[in-house]
Amino acid sequence: MTSATGPDVATLRRPARVRLGWLLVVLAVLVLVMLASVAFGSRIVGWSDIVAAFGGTDETLNQAAVVKRIPRTVLAALVGAALALSGTVMQGVTRNPLADPGILGVNMGAMLAIAVGMTTVGLVTATQYIWAAIAGAAISALFVYGVGSLGRGGATPLKIALAGAATSAALASLVVAVVLPRGDVAENFQSWQVGGVGGASWDSIVQVLPFLLGGLAICLLSARALNSLALGDELAAGLGERVALVRGIAAFGAVVLCGGATAIAGPIAFVGLIVPHMCRLLVGLDHRWLMPFATLVGAALLTAADVVGRVVNRPDEIAAGIITALIGAPFFIYIVRRQKVREL
Amino acid sequence: MSTTTLEAVTRGRVRRGRRRRAVLGGLTVAVVAIFAVSLMVGQTFYTPDEVFRVLLGETVPGASFTVGELRLPRAVLALITGLCFGIGGVTFQTMLRNPLASPDIIGISSAAGAAAAFAIIVLNLGEAGVSAFAIVAALGVAVLIYLLSFKDGVAGTRLVLIGIGIAAMLNSATSYVLDQAGQWDLQAATRWLNGSLNGSTWDEAVPVLVALAVFGPILLVQARNLTMLQLGDDTAAALGTRLERTRLISIVAAVGLIAFATSATGPIAFVAFLAGPIAARMVGPGGSLLLPSAVVGSLLVLLADFIGQFAFDTRFPVGVVTGVLGAPYLIFLLVRTNRAGGSL
């Protein structure tokens, strides 16, 4: 009951042999997916060009295309990792299997903050975007959690998910109302709004990296405390955790991660939902293992989604955010179906 | 003793009936008034006399085109889509005994929207084809949601959550389709996504009118049975309601209304969701909500379109106005229900 997934699915911690085995598998998958992301794209490129491009040449059109794919791959991996870790922490903090930056409306909060910033203050640099996104994400996270935890039973998964969906819809309308009058801003907003990593550059990666690393550090440091929280607030307090403080710090880390990711790549939903559930099956419920795993699997998942989006409909690209929604929504439904009605 | 009880009950009935008639009358007057105002007001003002002559079919220089060809189709479309959304929404809410189970939250409007966007942009179908496509898709999705939420009976909460998941998926499909459409500029796409009455023509209004004439009476005849369903399946069956038949007819008719209206204007946010609860507050307990909700729905659309056109420097599509107005109400409803401790 207290664990996020229910006792029937995941064990507390799988044997060390199993965990290390999965670690190798996940690392191998990540490397393969990243290689694929450099090798495949809307333009079909031979191996010799790919090797040459890694050497730093971009003389032919093919080589130039490959050179552009490298930052894109790095960004996809970073954003995927950040969103997955953020989702893991949110599920841990709220003890809610449906928590995800997209479902909880946190992404939308970041988006609205950026939209308002663009139209009123005139944000320019990536760092300004990131701060605005983090502020918006934090406010909407607090709001959704506040609305969802009113009344009897506290923050049940159903109430949180509904509050998130309602807030998302509300914020989405506001975003349109803010952006629509400004044709110049709307142009910039369009590609970003769908959620994808197509516009990656080393410059933006360098600017978002400190935020992501900071969020990562905060989240990883709170792993042990989240394990205690999973036992329930009373028991965690009995074990010596300062429950409210731990919750606040971990949630801040999660918000920084998803705010930073959203500022650079737009709102990408469902990565933060799927990955923790997958990782619990692989390594069990211990957050000290779960978090690093979620980071790696999230990186692989979003990179893979980006590759799929580039390949399935050549030469057009489907934004990674659309691919993750198409994969993620059925998974969301699967989780909802598995819950008992009472627990909803 | 028994006579006084009887008198009290009778008095209550009479009072509620009087209130209902008064509210319905007031709402109708308001709808007619705003309808008339939206015919008169615009870039040029036309007197009631001129508008009336146009309506009677006389040729009035200037007014014949502006009122007859531009404003009238727009106002009529606003009126009838409002009726459609109002009835369709409250039918679902009543049938599933849950205010959140309105078609625009559980993904049925999203289905109609995605199908209509696909039919318009990819298949290049005409009005009739688009409507047919939208209704088939919306019905299919309604059945899918029902089947997916079936597990030892259908729990309303599960249905709502699964609907939210489906809606997320369909919305990303819609944004992909709109993204692909080269000839559609961003503004047009955004307008359609949010629901808009811009450029309304009689060609768009006619299918909606037909749908309203076919499905509206079916639902109104069913109104009594639908109210019975609110008492719970067992009680309703004991009182002589044929459950499955009522449900099937109601679903088909409500989905029909929503799909036709959506394919004409795009999904106008929250009208289907808001009309029922607003009508319920105004009319009070007892009696069917179908007719009051329909009138509230059309009042909402007419009013929002008027505000969107004239209240700001920028012309906002009607769906953005209803979204911005409706979202806080959605959250308010959520807060109130959570406070009361009910499980929605």
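First, a word on what this report is: a plain description of the structure on this page. (Residues numbered from 1 in each chain as written. Chains lettered and ligands numbered in written order. Predicted model: local features only at pLDDT ≥ 70, side-chain atom pairs only at ≥ 80, totals over all residues.)

Before going further, it helps to examine the overall build of chain A. If you tally the helices and strands in chain A, you get 14 helices and 0 strands. For a compact globule of 344 residues, the expected C-alpha radius of gyration is about 20 Å, and chain A comes in at 20 Å, within 12% of that figure. For chain A, the spread of C-alpha atoms along the three principal axes comes to 65 × 55 × 35 Å. Here chain A holds 344 residues, and the buried ones make up 57% of them. (Helix = DSSP H or I, 4+ residues; strand = E, 2+ residues; numbered from the N terminus. Rg over C-alpha atoms; globule rule 2.2 N^0.38 Å. Buried ≥ 20, exposed ≤ 12 C-beta atoms within 10 Å, placed from the backbone.)

Helix and strand counts for chain B come out as 13 helices and 0 strands. Start at the N end of chain B and walk to the C end: the helices and strands fall as α-α-α-α-α-α-α-α-α-α-α-α-α. At 21 Å, chain B has a C-alpha radius of gyration in line with the 20 Å of a compact globule built from 344 residues. Taken along its principal axes, the extent of the C-alpha atoms in chain B is 70 × 45 × 35 Å. Within chain B, buried positions represent 51% of all 344 residues. The long-range fraction of contacts in chain B, counting pairs at least 24 apart against all pairs at least 6 apart in sequence, stands at 76%. (Contact = placed C-beta atoms within 7 Å.)

A separate point is the interface of chain B and chain A. In this assembly, 38 residues from chain B lie in contact with 37 residues from chain A. Of all elements in the fold, only helix H6 (156-180), helix H7 (186-194) and helix H13 (318-340) of chain B reach the threshold of two or more residues within the side of chain B that touches chain A. Ranked by residue count, the leading element in the side of chain B that touches chain A is H6 of chain B, at 14 residues. Looking at the side of chain B that touches chain A residue by residue, the class counts come to 22 nonpolar, 12 polar and 4 charged. (Nonpolar A, V, L, I, M, F, W, Y, C, P; charged D, E, K, R; others polar.)

Let us now look at the packing of helix H5 (residues 126-148) of chain A against helix H6 (residues 157-179) of chain A. All names here are of chain A. Between H5 and H6, the least distance of the axes is 8 Å, while the angle of their chain directions is 135 degrees. It follows from the interaxial angle that H5 and H6 lie oblique. Here H5 runs over H6; the crossing is right-handed. Residues Ser140, Phe143, Val144, Val147 and Gly148 of H5 pack against Lys159, Ile160, Ala163, Gly164, Thr167 and Leu171 of H6. Classifying every residue of the contact of H5 with H6 gives 6 nonpolar, 4 polar and 1 charged. (Axes fitted to C-alpha atoms, helices over the stretch in contact; angles between N-to-C directions. Parallel < 35°, antiparallel > 145°, perpendicular 65-115°, else oblique. Left-handed = near helix turned anticlockwise from the far one by under 90°.)

Further remarks concern the nonpolar core. Within the largest apolar cluster, 233 residues are counted, with the highest numbers of intra-cluster contacts made by Val79 of chain A together with Cys84, Ala115, Ala134, Ala138, Leu257 and Ile258 of chain B. Dropping the residues within four chain positions of it, Val79 of chain A is found in contact with Val197, Ala261, Ile264, Ala265, Ile268 and Leu302 of chain A. (Core = buried A, V, L, I, M, F, W, Y, C linked by C-beta atoms within 7 Å.)

Residues and elements named next belong to chain B. Along the chain, the position of Val130 falls in helix H5 (residues 127-148). Residue class for Val130 comes out buried when judged on the 26 C-beta atoms lying within 10 Å of it. For the pair formed by Val130 and Val51, sequence separation is 79 residues and the distance between their alpha carbons is 32 Å. If we skip the residues at most four places from it in the chain, Val130 touches Ala116, Ala119, Ile120, Leu125 and Ser263.

The subject of this paragraph is helix H3 (residues 63-95) of chain B. In this model H3 of chain B runs 45 Å from its N-terminal to its C-terminal C-alpha over 33 residues, within 8% of the 48 Å that 1.5 Å per residue would give. Arg71 of chain B marks the point of greatest bend in H3 of chain B, at about 40 degrees, and the proline Pro73 of chain B comes within the next four residues. (Expected span 1.5 Å × (residues − 1). Bend = angle between axes of the 7 residues up to and from the residue.)

Helix-helix packing is characterised by the crossing angle of the two axes and by the distance between the axes. All names here are of chain B. Put simply, H3 and helix H10 (residues 243-265) touch, their axes get as near as 9 Å, and they point 145 degrees apart. You can see that H3 and H10 cross each other, and the crossing is left-handed. Each of Leu77, Thr81, Cys84, Phe85, Ile87, Gly88, Thr91, Phe92 and Met95 in H3 lies in contact with H10, whose residues at this interface are Arg247, Ser250, Ala254, Leu257, Ile258, Phe260, Ala261, Ala264 and Thr265. Across the contact of H3 with H10, the residue classes tally to 12 nonpolar, 5 polar and 1 charged.

Another aspect to go through is helix H14 (residues 320-338) of chain A. All names here are of chain A. Under the 1.5 Å per step criterion, the end-to-end length of H14 is 27 Å for 19 residues, consistent within 8% with the ideal 27 Å. A bend of about 25 degrees at Gly328 is the largest found in H14, and the proline Pro330 appears one to four places after it. What H14 keeps buried is the set Ala320, Gly321, Ile322, Ile323, Thr324, Ala325, Leu326, Gly328, Ala329, Phe332, Ile333 and Val336.

Quick look at unusual backbone geometry now. The backbone phi angle of Phe270 of chain A is positive, close to 80 degrees, even though this residue is not glycine. Relative to the elements of secondary structure, Phe270 of chain A occurs in the loop between helix H11 (243-265) and helix H12 (271-283).

With that settled, the discussion passes to the environment of Asn313 of chain A. Mapped onto the elements, Asn313 of chain A comes out in the loop between helix H13 (287-311) and H14. A C-alpha to C-alpha distance of 8.2 Å links Asn313 of chain A and Ser42 of chain A, two positions 271 residues apart in sequence.

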